[in-house]
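# Summary of structural features
For reference, the chains in residue letters:
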Amino acid sequence: MNMGEQWRLETVTMVDCYEWHAPTAAIANIMSPGYALIQGDQRLLHFAPQFVLTINQGAVAPLVVDAAEATGIDVTGKWHGYRLHGSRAPAVLAAGVPSETVLSGRDCAALSLFDCPVVLLPTPDSSEVWVPASYAESLESALNKTVQRAKQASQ
Amino acid sequence: MKTPRRAGLRLGDRRINFRFDGRSYQGFAGDTAASALLAAGTRLFGRSVKYRRRRGLLSAGTEEPNGLLTVDPGPFCISNLPAPCLEIQEDMQLVSQNRWPTLRFDFAALIGLGGSLWTAGFYYKTFMWPSWHFYEGIVRRLAGLGAVASDAKLEPPWVEHIDCDVLVTGAGPAGLAAALAAARSGARVVVCEREPATGGELDFEDAVIDGHASPAWVRATIDQLKSHSVRILINTAVVGSSGKLVIAHCEPGGLAKDAIVYRIKCGALVIATGSIEQPIAFVDNDLPGVMLLQAAERYLARYGVRVGRDVVVFGCHDRLYVSARRLIRGGINVVAIVDTRPECKTVERTALEVSGVRCLTGHTVVAALGRHNVRCVRIAKLDTPDATQDIVCDSLLVSGGWTSDACAALHLATGPNQGLAAGAAEWSVAVGAANGMLELPAIISDGHQAGIDAAIRVQSSTGHKPLPVNPSSRIDVVGGDPPPRHQPFWRSPASRKEEKRQFVDLQNDVTVADLRQAFEQGFRDIEHVKRFTALGFGTEQGRTSAVVGAAILAELSGNDDKVARTSRRRPPFKPATLGLIAGHRQGLSLRPKRHTALQAWHVENGGEMEDAGLWQRPRYYHGNGADPVAASLVEAARVRESGGILDGSTLGKIEVAGAGAAAFLDRIYLTRASTISPGRSKYMLMLREDGMVLDDGIVMCLGPDHYLATVSTSHADHVLSHFEFYRDLAPVHRNVVIADLTEAWHVIAVAGPRSRDVLSQILGKFWREKLSGLAHMGFVTGRWEDQTLRVLRASFSGELAFELHCRASIAVPLFQALVNEDMLPYGTEALDVLRIEKGYLTSSELNGQTTPEDLGMESMVNLGNPCIGRALLDRPGLHRPQRPRLVGLRANGLGQSFAAGALITTTAEQNLSCGHVTSATFSPALGEWVGLALVARRHCHESTTLLARDPVRGRETTVRTVPPVHFDPSGKRMKS
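Fair warning: this is a prediction, and the values are worked out from it, not measured in the lab.

## A closer look at the overall build of chain A
Summing up its helical and strand segments, chain A has 5 helices and 10 strands in all. Relative to the 2.2 N^0.38 estimate, which gives 15 Å for 155 residues, the radius of gyration of chain A is 16 Å and therefore close to what a compact globule would have. Principal-axis analysis of the C-alpha atoms gives chain A an extent of 55 × 30 × 25 Å. Counting only carbon and sulfur atoms, one obtains 52% of the accessible surface of chain A, whose full area is about 6300 Å². Averaged over its 9 positive side-chain charges, chain A has a centre that lies 12 Å from the centre of its 15 negative ones.

The following block contains the structure:
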């Protein structure tokens, strides 16, 4: 969907995806919950205490999580990524979740957006939303409906 | 009675045409339905709920109990909109409520003639013979407020989450002062104002604030707030709160169209909602033309509407005289002022007397007189109430004092004369009139200080350093209305008979007589009185009735402090459409739907989708039959004859890995996972802590300490939590990693005699060899189309069957390839037929109340694995003969059917059931109805004749018990 500069919803391509679980809270010494590492298309998201999601992991991510003695499971196909662009994106997000509050002091967070479980990651020029693939269609529909409402509201 | 209009602060020049009860009216832009209709001479706005008495407007705000209107009559109507808050729009259609056929002539008003039958709590005792249900339909038709829309064309509201330091509700003098002070202190401030304009009572209260006249100060303050980036949300009422989350509804023009729901998280809440003027109870105080004094002032100042030509002002404080002076200045003739206090000496009074206004102290209005509207009022001296005199007038403006409007915003209770919001949460503070302040300097000062305090408190708690506050930053106020010197007066003297016409709650027709009756029948707690009499029910929520009602109850009880309090106000603060409350959760968006990668394929190929929790699954395919039953029989028969495929991707899949994974699963499951060799799988049960079966499924051993557990679609989330809970509970399991892979792996079940051949053909040479040697419950992993594919030989149909676990990217091509080989898909209905024929279990049998023994799986218990829930299986109660046991059922006689849910009894005379049918279907393989049932153990012996009784469908069938596996009991087909 493309609405010019105001709104664009883009699917993020993904090669692989791993979920890591650290056996102890000591992982917080390496990266606090909410920490995110962004390198090109690689993502390392410590989205909940002791739970890390790596997307398109290169060499860095495994090193980081290995340091926390975390064990990973290949969950490729589980997560679907969206990138929200445009001036309306913050308002659309704010319609579903108090993103400003939830992300206060964090790089990313696991939360519920339009009743779908997501991991939200703001990036410098957009926001990324990682959602379990089965919810992707519902979330996309809710986001598009919301942007339509935003359009009407601004008219 | 039509009076010429004056200029109003909120009026524009553009004329607006609208209709009310079918008649055309004209108003101006900015007019509300109330002001436009009042200006057009309308006095009758509705009928009361119970007695259908004629009612006019009482107030000029959301608290309006009488003037509730319906917009757009018909299937899309929106009802119960307070006329004072409803801005008129071009061609708007308005209708009155609680009347039939017309507002002027209402047939149900005849009910009022039998009023003595309809006293408080009448429905508890009046309609006892022959039974309440005999009358219920009529009473329900007559009761209630506006009609519910049968459809809605309202878009879901726009929802916005706001995070701020200080939320100020109300942009009157106190609210503006608070917001300004908080903003100057560096706080992030949001202001919600329910009116379309800011300023509140400063619309008509003369004062000089910080050197500006009131309106100029309001404008200057708004400018300052904007310069501090304060968000000012007009038309936005705070309707409720939950913890520190405040919900506010913005309804431009008072309509839910284009509504916005704000969910505001704030560090501090400053409640500056002002106060609500209270009425006084006297005989026929509900007659159209009786209005609150402040409401008349608002209509005059804001909309240029004179509510009457000749008015009498009635009350119990000094403000009567100030208001009267303003009304006179607005062109209203004040005939008399009736003051219940024994004396009053003020400059305003003297001035009014000099100008010819009768000022009567120590008097009260005992009754309003007039057939349809107020024609005159009857007054009497309080010390000689029998000596009455009548004053001719067309309106009576009443003011019994004020009560805080803060409680409604916080759903709190309070007592009469308690200005403070008793019990307000620590994070919130009521200020100004909401805090019982009634003089402008005190109101502004209170708001100002509260704003500073709120900012400091929030910033301290968040660790931010507050900006230095200039102690001399106070706001100077000169003028304003004088102190009211209010002396409480709640009702005029009246005989017992007359008390039936002294209305306390106008919306619900609660009279002084009703309160007396409640009190005499022993009701003391105000919440009980509320439920007995309906005091404070409805949209008004007691804002004009609760304090008067509590005061009268207190008087009846001899001023018992325990009695003197109001009932708890309920959200929403003002009427709200259900759509506003639901937010985005409407229609098809009620809840998210989970789709597999094959969703589009199913829909395109005639799949009738059904909900399975949040998942969407194909129930049947339209090409196989016109209805689910016919289609499922065709699909099931085809699986047995040749084969079929099923999308089983919704099956929960949980991967468990890491050191100790095997020991962990041994703890979770009734049988040991550690005995499964890599490449093998096992059907296993897991128990709840109380020994009941939680779920079943297949556990595959992928390698040492590496497993994949499949769980029921509907139990997947619960089981995952169960796993994680026990992993986190015991440090010994801390190295176990658990991940939900439900979406990562799609599952296609291929069942039927042709399944192996077809798979071999599609998957290629590597797989052909692997599949030919694959034993039941074994699995093999390889690749297909350059993607990982895992094939498990397991069956939920009783046929030779395989589960293909594949990535989403190859799910559709693989499914299509199977279809191309004439392995056609079947839906969940057919799946149910197949599994019932084989006696396999689903949630109908794993219903949270069955043990392994109940399900015939005691052999698993006997293996002695000390898993969770195992110890409690030894409870004697779980082995009694009354416990259920899973049995198969067959109808005694071909063509006889029975349904799931039917109760089982031993004989037709026996009314006590000994079990129930959990699943039933017609078996295409056996040609008769078969089922599964949970039947008390003493009746479950094979070939016992029982009765399946289905009172819902009016059916009784004689059945006999058989072993649960109806089809291929030896499992020959499955293991072939």
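Alright, that's what it looks like, and here's the rest.
## What to know about the pattern of salt bridges
Residues and elements named next belong to chain B. Applying the stated criterion across every chain yields a total of 63 salt bridges over all chains. One salt bridge connects D318 with R485, and the closest N-O pair in it is separated by 2.7 Å. Of this pair, D318 sits in the loop between β18 (310–315) and α7 (319–329) while R485 sits in the loop between β27 (477–479) and β28 (503–505), placing them 167 residues apart in sequence. D318 sits in the buried class, given a relative accessible area of 5%. Taking the relative accessible area as the measure of exposure, R485 reaches 47% and is therefore partly exposed. Via salt bridges that share partners, R53, R55, D284, D286, R501 and D509 belong to a single interconnected network.

## Some details on the environment of B:T957
All names here are of chain B. Checked against the element boundaries, T957 lands in strand β48 (residues 955–962). With 61 residues separating them along the chain, T957 and Q896 place their C-alpha atoms 6.8 Å apart. Excluding residues that lie within four positions of it along the chain, T957 makes contacts with A891, Q896, S897, F898, L946, L947 and A948. A polar contact of 2.6 Å, which involves the side chain of T957, links it to the backbone oxygen of S897.

## Let's talk about the interface of chain B and chain A
Tallying the contact residues gives 36 residues for chain B and 35 residues for chain A. For the pair chain B and chain A, the two sides together bury roughly 2900 Å², of which 55% comes from carbon and sulfur. Per-residue buried area on chain B facing chain A is highest for B:W158, B:H161 and B:E743; these three make up 23% of the total on that side. The interface formed by chain B and chain A contains 3 salt bridges. Its salt-bridge partner being A:D74, residue B:R807 comes within 3.3 Å of it at the nearest N-O pair. Our count for the chain B to chain A interface comes out at 15 residue pairs in polar contact (both at pLDDT 80 or more).

## Thoughts on helix α19 (residues 755–763) of chain B
Residue and element names in this part refer to chain B. Among the 9 residues of α19, 7 are classified as buried, and the element is accordingly described as predominantly covered. Listed as buried for α19 are S755, R756, V758, L759, S760, I762 and L763. Where α19 ends, the next residue or the one after it, G764, has phi of about 105 degrees, a positive value.

## Observations concerning the nonpolar core
Counting 52 residues, the largest nonpolar core has B:F18, B:L94, B:M291, B:Y299, B:L327 and B:I337 as its most contacted members. Every residue in contact with B:F18, bar those within four places of it in the chain, is listed here: B:R23, B:S24, B:Y25, B:Q26, B:G27, B:A36, B:L37, B:I88, B:Q89, B:D91, B:M92 and B:L94. Counting residues in hydrophobic clusters, the runner-up holds 47 residues, among them A:A89, A:L120, B:Y262 and B:I264.

## What about the side chain of B:T921?
Within the secondary structure layout, B:T921 lies in strand β45 (residues 915–923). Discounting chain neighbours no more than four positions away, the residues touching B:T921 are B:V833, B:I836, B:E928, B:W929 and B:V930.

## Digging into the pairing of strand β9 (residues 189–192) of chain B
Residues in a regular strand project their side chains so that they alternate between the two faces of the sheet. Residues and elements named next belong to chain B. Of the two faces of β9, the one carrying V189 and V191 and the one carrying V190 and C192 are both buried. As defined by bridge partners, strand β8 (residues 158–169) adjoins β9 across 4 bridges and the pair is classed as parallel. Considered in β9, the bridge of L167 is made with V190. With 3 bridges joining them, β9 and strand β12 (residues 231–233) adopt parallel strand pairing. Considered in β12, the bridge of V191 is made with I232.

Thresholds, definitions, all that
Residues numbered from 1 in each chain as written. Chains lettered and ligands numbered in written order. Predicted model: local features only at pLDDT ≥ 70, side-chain atom pairs only at ≥ 80, totals over all residues. Heavy atoms only, no water. Helix = DSSP H or I, 4+ residues; strand = E, 2+ residues; numbered from the N terminus. Rg over C-alpha atoms; globule rule 2.2 N^0.38 Å. Areas by Shrake-Rupley, 256 points an atom, 1.4 Å probe, with all protein chains shown as cover. Lys, Arg positive; Asp, Glu negative; His and termini not counted. Charge placed at Lys NZ, Arg CZ, Asp CG, Glu CD. Salt bridge = Lys/Arg side-chain N within 4 Å of Asp/Glu carboxyl O. Buried < 20%, exposed > 50% of the residue type's maximum accessible area, 1.4 Å probe, protein only. Contact = heavy atoms within 4.5 Å. Polar contact = N/O pair within 3.5 Å; in protein donor to acceptor, adjacent residues only side chain to side chain. Buried area = accessible area lost by both parts, 1.4 Å probe. Core = buried A, V, L, I, M, F, W, Y, C linked by side-chain atoms within 4.5 Å. Pairing = 2+ DSSP bridges.

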